[in-house]
Amino acid sequence: MSAIEVEGLVRKFGDFTAVDGVTFTVHEDEIFGFLGPNGAGKTTTINMLCTLLRPTAGRARVNGFDISAQPADVRRSIGMIFQDPSLDEQLTAWENLSFHAMLYDLSREDFNRRAAELLEMVELTDKAKELVRKYSGGMKRRLEIARGLLHHPRVLFLDEPTIGLDPQTRRHIWDYLRRLRDEKAVTMFMTTHYMDEAENCDRIAIIDHGEIVALDTPERLKALVGGDIITVRTSDNALAGEKLRQQHGIEPRLGPEGQLIIEIEDGDQFIPRLIATFSDGARPVEVHSVNLRRPTLEDVFIKLTGRTIREGEADGKDRMRMRGRMFGRMRR
């Protein structure tokens, strides 16, 4: 059985389409990632699945419940960790959990047992009676994970769960999340724009401009790139491309920063031939730099969209500003 089933989901804000007909499934006990820049439609999708936004069109079921027809059942069966902090910093960790338990009508016995168990899991037992405003960013995130699991959710939604945290803290958070999946069989649906973080997912959907452009395991997505990645900066990209096509039958791509991108097997063995090709003939091409590496999810995004995640973030901010101006006009 699938934990989440989505078919043709659409969300519009006026004439702006934030999510444009996405279709996918999430298997039980899976860590499923939504990878894309800010403004791509990740948070809008997660908000619809959590019943915080009504879809403009399409259908979705979470834990077997229809998000439009059975929103209360959906909410009872899920947990959520928001992108922005949502703890009451004037309360202690225990008080934050207690308030959450009241919202879900947990018995006192069940709450005491679950709270103690979860605080131990996220290593906050000795800080349970301390005010949250004294917590570090990583401690607050761990407490939010504990709170999201308090009412025994079958699916946990995580919207940019480690945004703003240092790399070491991010690794610790992922240790907790993997333990959750392995020990508690919790299905996770997460959004992120961190490439290294997406590698932790069992499958990834790459979303751009509200549409899913690829969906598979991290390794299979990276296989779309093919071989090693050689990036070259030259004095004349047009002439360099011509030489590569004529002498090696290779069609390079122009990268978002003006570099030539070459996908090829055994890249380390090809680089000497590459240099010789560029320096050969009456019209040599000067090589400014050469870099060799294995494909990453960033390479997949560039191959599919022609730009980097960072460029997409800027585009997303522009679209959000445009949406804000549109809402301002609607209110007037």
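Numbering of residues begins from 1 in every chain and follows the order in which that chain's sequence is written. Local features are withheld for residues below a pLDDT of 70 in this predicted model, meaning they are given only at 70 or higher, and side-chain atom pairs are given and counted only at 80 or more; totals for whole chains, interfaces and linings count all residues. Working from all heavy atoms in the structure, the side-chain values ignore hydrogens and water.

**With respect to the overall build of the protein chain**
Here's step 1: Every helix listed is a DSSP run of H or I at least four residues long, and every strand listed is a run of E at least two residues long, numbered separately from the N terminus. Helix and strand content of the protein chain: twelve helices and 14 strands.
Here's step 2: The dimensions of the protein chain, computed from C-alpha atoms along their principal axes, are 85 × 50 × 40 Å.
Here's step 3: Counted over contacts in the protein chain with a minimum sequence separation of 6, partners at least 24 positions apart contribute 71%.
Here's step 4: Exposure was quantified through the Shrake-Rupley algorithm and a 1.4 Å probe, taking into account, for residues, occlusion by the shown protein chains and nothing else. Surface accessibility of the protein chain: about 16,000 Å² in total, with carbon and sulfur atoms responsible for 48%.
Here's step 5: Charge assignment: positive for Lys and Arg, negative for Asp and Glu; neither His nor the chain ends contribute. By convention, charge coordinates are those of NZ in Lys, CZ in Arg, CG in Asp, or CD in Glu. The averaged location of the 53 negative side-chain charges in the protein chain is 5 Å from the averaged location of its 48 positive side-chain charges. In what follows, a contact means two residues having at least one pair of non-hydrogen atoms within 4.5 Å.

**Remarks on the environment of M139**
Here's step 1: By the secondary structure assignment, M139 is in helix α5 (residues 137-149).
Here's step 2: Buried, partly exposed and exposed residues are distinguished by accessible area as a fraction of the type maximum, computed with a 1.4 Å probe on protein chains only: under 20%, between the cut-offs, and over 50%, respectively. Exposure remark for M139: the relative accessible area of 16% places this residue in the buried category.
Here's step 3: Spatially, the C-alpha atom of M139 lies 8.5 Å from that of V122, the residues being 17 residues apart in sequence.
Here's step 4: Setting aside residues up to four positions removed in sequence, M139 forms contacts with L124 and K127.

**Brief notes about the packing of helix α9 (residues 237-248) against helix α10 (residues 267-279)**
Here's step 1: Where α9 meets α10, the axes come as close as 10 Å, and the angle between the chain directions of the two elements is 115 degrees. Relative to α10, α9 is oriented so that their crossing is right-handed. Facing A240, K243, L244, Q247 and H248 of α9, the residues of α10 in contact are F270, R273, L274, T277 and F278.
Here's step 2: For the contact of α9 with α10, the per-class residue count stands at five nonpolar, three polar and two charged. Axis definition: a line fitted to C-alpha atoms, over the contacting stretch in the case of helices. Angles run 0 to 180 degrees between N-to-C directions. Should the near helix be turned anticlockwise from the far one by less than a right angle, the crossing is left-handed, and should it be turned clockwise, the crossing is right-handed. Here the nonpolar group is Ala, Val, Leu, Ile, Met, Phe, Trp, Tyr, Cys and Pro; Asp, Glu, Lys and Arg are the charged ones; every other residue, Gly included, is treated as polar.

**Overview of the sheet that holds strand β12 (residues 253-254)**
Here's step 1: Strand order in this open sheet of four strands is β12-β13-β11-β14, and the pairing throughout is antiparallel. Since the sheet does not close on itself, it has two edges, and those belong to β12 and β14 (287-293), each with one partner.
Here's step 2: Should DSSP find at least two bridges between two strands, the strands are regarded as paired. Sheet topology note: the strand β11 (residues 228-234)/β14 ladder contains six bridges and is antiparallel. Note on β14: the bridge partner recorded for V232 is V290.

**What to know about the sheet that holds strand β10 (residues 211-216)**
Here's step 1: With respect to topology, six strands assemble into an open sheet ordered β6-β7-β8-β3-β9-β10, the strand pairing being mixed. One side of each edge strand has no neighbouring strand; the edge strands of this open sheet are β6 (78-81) and β10. Neighbour-to-neighbour, the strand axes of the sheet open up by a mean angle of 15 degrees, direction not taken into account.
Here's step 2: By the bridge criterion, five bridges tie strand β3 (residues 31-35) to strand β8 (residues 187-192) in an arrangement that is parallel. By the bridge assignment, I31 is partnered in β8 with M188.
Here's step 3: Packed onto the sheet, α5 meets β6 and β7 (155-159) and runs at close to 165 degrees relative to β6.
Here's step 4: Sheet strands touched by helix α6 (residues 167-184): β3, β7 and β8. Its angle to β8, the strand with the most contacts, is close to 150 degrees.

**Observations concerning the packing of aromatic side chains**
Here's step 1: Each Phe, Tyr or Trp ring (for Trp, its six-membered ring) is paired with any other whose centre lies within 6.5 Å, and the angle between the two planes then decides the class: stacked below 30 degrees, edge-to-face above 60, tilted in between. Enumeration according to the criterion identifies eight aromatic pairs in this entry.
Here's step 2: With a centroid separation of 5.4 Å and an interplanar angle of 10 degrees, the aromatic rings of F24 and F32 are classed as stacked. One exposure class covers both F24 and F32, and it is buried.
Here's step 3: Relative to F189, the ring of F34 has its centre 5.3 Å away and its plane inclined at 50 degrees; by these criteria the two rings are tilted. Of this pair, F34 sits in strand β3 while F189 sits in strand β8, placing them 155 residues apart in sequence. One exposure class covers both F34 and F189, and it is buried.

**Some thoughts on the confidence of the model for the protein chain**
For any part of a model where pLDDT is low, the fine detail of the predicted coordinates should not be relied upon.
Here's step 1: pLDDT runs from 0 to 100 and stands for how confident the predictor is about each residue. On average, residues of the protein chain carry a pLDDT of 87, and 93% of them reach 70 or more.
Here's step 2: Within the model, pLDDT remains below 50 along residues 314-332, and this stretch shows 16 contacts once partners closer than five positions in the same chain are excluded.

**Some points on the pattern of salt bridges**
Here's step 1: Whenever a carboxyl oxygen of Asp or Glu lies within 4 Å of a side-chain nitrogen of Lys or Arg, that contact is scored as a salt bridge. In total, this model carries 27 salt bridges according to the counting rule given.
Here's step 2: Between R283 and E242 there is a salt bridge whose closest N-O contact spans 3.5 Å. Separated by 41 residues along the polypeptide, R283 in the loop between α10 and β14 and E242 in helix α9 bring together distant segments of the chain.
Here's step 3: What you see here is one network of salt bridges that share partners, running through D110, R113, R114, E117 and K184.

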